[in-house]
Amino acid sequence: MAVSALAKSETATLTVALRKQFAGASTAPPGFSLDVQFTLTPGFTVLFGPSGAGKTSVLNCIAGLQDPDAGLVSIGEAVLFDAQANINVPTRDRHVGYLFQTLALFPHMNARQNIEYGINTLPPQERDTRTQEVVQSFGIMHILDRRPSQMSGGERQRVALARALVTRPKALLLDEPLTALDAITRSRILDDLRRWNACHAVPVLCVTHELEEVYALGSLVLVIEAGRILAEGTPQEVLSRARFESIAQLAGFENIFECQVVSSHEEHGTMTCRIGNSETALEVPLTRRSSDRVRVGVRAGDILLATEMPVGLSARNVLKGTISSLDRRDVTVVAVVDCGQQFAVHLTPSACEALALERGKPVWMVIKTYSCRVLEQP
Amino acid sequence: MILQALALTLRLAVVVALILIVIALPLGYWLAMSRSRWKFLVESVVALPIVLPPTVLGFYVLTAIGPLSPIGRWYHVLTGGSLAFTFRGLVIGSVLYSLPFAVQPIAAAFSSVDRTLLQASATLGASSWRSFWKIILPLGIPGVFTGLVLSFAHTLGEFGVVLMIGGNIPGATQTASILIYDQVQALNYAVANQTAFLLLVSCFVLLAVLFGLRRHTKWSLWEWQ
């Protein structure tokens, strides 16, 4: 524990400011440029954006695998790259852990050799202690003698993570590391990684283009498109507000809630969730999950509004609230309904007129069970 | 006479193959990894011996190492001997002649190593030197093996360069292929036939053993493939 306390005191924020113009020769489209600035504190941050947005280039510039034209990369006091001061620390001296999309496990080495590759300069005893620690954290003692070709996808992930973390990196970069895994394996690995980082507390930057991963991974999300950061905040803030059309498209779900499962009804194939700590409850499809904390997404277009208490409905969720705002965007009206929780609801202007909706008016929201999507275990 | 020529041939081939591995590992690595704009020039020079007639190469090497050339004189001052028409001269000529057969498979094997592995190696704090010994070389071993066998085999069979540089001195520069030529010229077909047959058999056995070893799973260095 003394070690992790020390590690904690050394941790610092990762500061990134990058500009890079890509020549036509690279895989990027002609004229593509990267221009991003952000600061990460210890903990998870998701870099979310479509393919070709420049996500991997950002990671490569932080790790020193690509050189930006201008900018600054630093972790706490340590400057890794500074174009003005002409500092460019080589990758091998940056102490930045990188989990590649392909994992890049060394195929001719077994798990132990892979893990110990980066700590070969340590004295043997220290090396053993470190390996033991990381191997236990990621539950891979039984596969230490196996080559990558003899492991399952999840085991490879674990070994690759262990290999990166055993070197005690000052920051960790993950390039779509979990895309190929099923939800259960993914959330177990994430749990292990979170537990590890609770002790070691380094900034973790995780790239993904999949929405569900954003909710699974991040307490903080940076949305990147065409080399620019468009938005920054919690997944709920950034994706449910959808200030940018591209984010809305990526997001798909305008309403995302942290929920607590209070009861499940196997016989009906449903479960009841309470949103946050409020009394508002939703009936959602029964979903396999590892804990009772779930995230539930509801598309704003899937919610019906009624101005009187509806009866005789098949929909199981009828929530009473008041309209707290109405905002017309092109052919859609976005209503925000407050029922203890804020729901975004999309409706057509004519429907809005027919119901004579206005701020402060009481309404009932009708949500089908199957319109509630259990996104991922947090 | 036959055995002497055969032994000399084998000795030449082994020495040349070993020297070539030492040269071809760094050269192959450079060709595989370098982004220098002049790489194509080096590639062309390395490939030259494949296209050049052996007599052309032999002629230039002979001129270069002859007693009147700077190299020849320098060597004479240093050792008191000469390079032309000696075994050492043969080694120099053969190394140049077989260079592409060692370098090209090695460069190809090294460049086929997944670059992400090297990036991963760097993020784990490894120097290029360590990446080479721990990643590139083990994963490129099949190419190194091929380079070794090819340069060995190519040296066994060479004729023109050896004739130009070494002449035909039994025990010093008379290789099996020269002996066969010599005996045929003298209408001594029996000796030529025996030499040819022995060379054929010994080459076959050697290659069979090498390739057999490579197939043998327990010995194989690249069982993960």
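Residues numbered from 1 in each chain as written. Chains lettered and ligands numbered in written order. Predicted model: local features only at pLDDT ≥ 70, side-chain atom pairs only at ≥ 80, totals over all residues.

A short note on the overall build of chain B
Along chain B, the regular secondary structure elements total 10 helices and zero strands. Counting the 225 residues in chain B, one finds 36% classified as buried. For chain B, contacts bridging at least 24 residues in sequence account for 74% of all contacts bridging at least 6. (Helix = DSSP H or I, 4+ residues; strand = E, 2+ residues; numbered from the N terminus. Buried ≥ 20, exposed ≤ 12 C-beta atoms within 10 Å, placed from the backbone. Contact = placed C-beta atoms within 7 Å.)

What about the overall build of chain A?
Scanning chain A for helices and strands turns up 10 helices and 21 strands. Within chain A, buried positions represent 39% of all 378 residues. In chain A, of all internal contacts separated by at least 6 residues, the share reaching a separation of at least 24 is 67%.

Brief notes about the interface of chain A and chain B
Of the residues lining the interface, 19 residues belong to chain A; the matching set on chain B comes to 14 residues. Considering each element in turn, the side of chain A that touches chain B owes the most residues, three residues, to strand 7 (residues 96-99) of chain A. Considering only residue class, the side of chain A that touches chain B consists of nine nonpolar, seven polar and three charged. (Nonpolar A, V, L, I, M, F, W, Y, C, P; charged D, E, K, R; others polar.)

What about the packing of helix 1 (residues 2-33) of chain B against helix 7 (residues 128-156) of chain B?
Residues and elements named next belong to chain B. Interaxial distance between helix 1 and helix 7 falls to 9 Å at its minimum, and their mutual angle equals 145°. Where helix 1 crosses over helix 7, the handedness of that crossing is right-handed. Between helix 1 and helix 7, the residues in contact are T9, L12, A13, V16, A17, L20, I21, A24 and Y29 and F132, I136, V144, G147, L148, S151, F152, T155 and L156, respectively. Partitioned by chemical class, the residues of the contact of helix 1 with helix 7 number 14 nonpolar, four polar and no charged. (Axes fitted to C-alpha atoms, helices over the stretch in contact; angles between N-to-C directions. Left-handed = near helix turned anticlockwise from the far one by under 90°.)

A short note on the nonpolar core
With 147 residues, the main nonpolar core has A162, L173, V296 and V345 of chain A as its most contacted residues. Top element by residues in this core is helix 5 (residues 87-111) of chain B. It accounts for 13 residues. (Core = buried A, V, L, I, M, F, W, Y, C linked by C-beta atoms within 7 Å.)

A word on the environment of D327 of chain A
Considering the arrangement of structural elements, one finds D327 of chain A in strand 17 (residues 317-329). Classification of D327 of chain A by C-beta neighbours within 10 Å gives exposed; the count is 10.

Some details on the sheet that holds strand 21 (residues 372-374) of chain A
All names here are of chain A. Taken together, the five strands give an open sheet; going across it, the order is 14-13-12-15-21, and neighbouring strands pair in antiparallel fashion. Of all strands in the sheet, those with a lone pairing partner are strand 14 (281-285) and strand 21, marking the two edges. Along the sheet, successive strands turn relative to each other by an average axial angle of 45°, direction set aside. Where strand 13 (residues 270-275) lies against strand 14, five bridges are found, and the strand directions are antiparallel. Considered in strand 14, the bridge of T270 is made with P285. (Pairing = 2+ DSSP bridges.)

Structural notes on the environment of G54 of chain A
Residue and element names in this part refer to chain A. Inspection of the secondary structure assignment puts G54 in the loop between strand 3 (43-48) and helix 2 (55-63). Between the C-alpha atom of G54 and that of D35, which follows or precedes it by 19 residues, the distance is 9.5 Å. If sequence neighbours within four positions are ignored, G54 has contacts with L34, I224 and G227.

Concerning helix 2 (residues 39-51) of chain B
Between the first and last C-alpha of helix 2 of chain B there are 19 Å, a value that for 13 residues agrees with the 18 Å anticipated at 1.5 Å per step. Bending of helix 2 of chain B peaks at approximately 30° at the position of V45 of chain B, with proline P49 of chain B no more than four residues after it. (Expected span 1.5 Å × (residues − 1). Bend = angle between axes of the 7 residues up to and from the residue.)

Focus on the pairing of strand 20 (residues 362-367) of chain A
Both faces of the sheet carry side chains from a regular strand, because those side chains alternate between them. Residues and elements named next belong to chain A. The alternating pattern of strand 20 places V363, M365 and I367 on a buried face and P362, W364 and V366 on a face that is not buried. With three bridges connecting them, strand 16 (residues 304-306) and strand 20 associate as antiparallel partners. Looking at strand 20, one finds that L305 is bridged to M365.

Describing the packing of helix 3 (residues 54-65) of chain B against helix 5 of chain B
All names here are of chain B. For the pair helix 3 and helix 5, interaxial distance at closest approach is 10 Å and the crossing angle is 135°. Considering the angle they form, helix 3 stands oblique to helix 5. For the crossing formed where helix 3 meets helix 5, the hand is right-handed. On the side of helix 3, the interface is formed by P54, L57, G58, V61 and I65, while helix 5 contributes G89, I92, G93, L96 and Y97. (Parallel < 35°, antiparallel > 145°, perpendicular 65-115°, else oblique.)

A closer look at the confidence of the model for chain A
Residue and element names in this part refer to chain A. Of all residues in chain A, 89% have pLDDT values of 70 or greater, and the mean over the chain is 84. This model gives residues 1-9 a pLDDT under 50, and the stretch forms five contacts once residues within four places in sequence are excluded. Across residues 242-246, confidence stays below pLDDT 50; counting only partners more than four residues off in sequence or on other chains, it has eight contacts. (pLDDT = per-residue confidence, 0-100.)

Some details on the pairing of strand 12 (residues 255-265) of chain A
All names here are of chain A. Bridging between strand 12 and strand 15 (residues 293-298) involves six bridges; their strand directions are antiparallel. Bridged to E258 within strand 15 is R295. The sheet contact formed by strand 12 and strand 13 spans six bridges and is antiparallel. In the strand pairing of strand 13, H265 is matched with T270. Hairpin connection of strand 12 to strand 13: four residues between the antiparallel strands, including G269 at a positive phi of 70°.

Here's the deal with unusual backbone geometry
Residues and elements named next belong to chain A. Despite not being glycine, L103 shows a phi value in the positive range, around 75°. Structurally, L103 can be placed in the loop between strand 7 and helix 3 (111-116). Using a count of 21 C-beta atoms within 10 Å as the deciding quantity, one classes L103 as buried. Positive phi outside glycine occurs at A201, with the angle close to 45°. Secondary-structure assignment places A201 in the loop between helix 6 (183-200) and strand 9 (203-208). Judged by the 18 C-beta atoms lying within 10 Å of it, A201 is partly exposed.

Focus: helix 9 (residues 176-185) of chain B
Considered for burial, the residues of helix 9 of chain B that qualify are A176, S177, I178, L179, I180 and Q183 of chain B. L187 of chain B sits one or two residues past helix 9 of chain B and shows a positive phi near 60°.

Some details on the environment of P100 of chain B
Residue and element names in this part refer to chain B. Within the element layout of this structure, P100 appears in helix 5. When the 24 C-beta atoms within 10 Å are taken as the criterion, P100 is described as buried. In the structure, P100 is positioned 50 residues away from L150 in sequence and 9.5 Å away in space, judged by C-alpha atoms. The residues contacting P100, other than those within four sequence positions of it, are V46, A47, P49 and I50.

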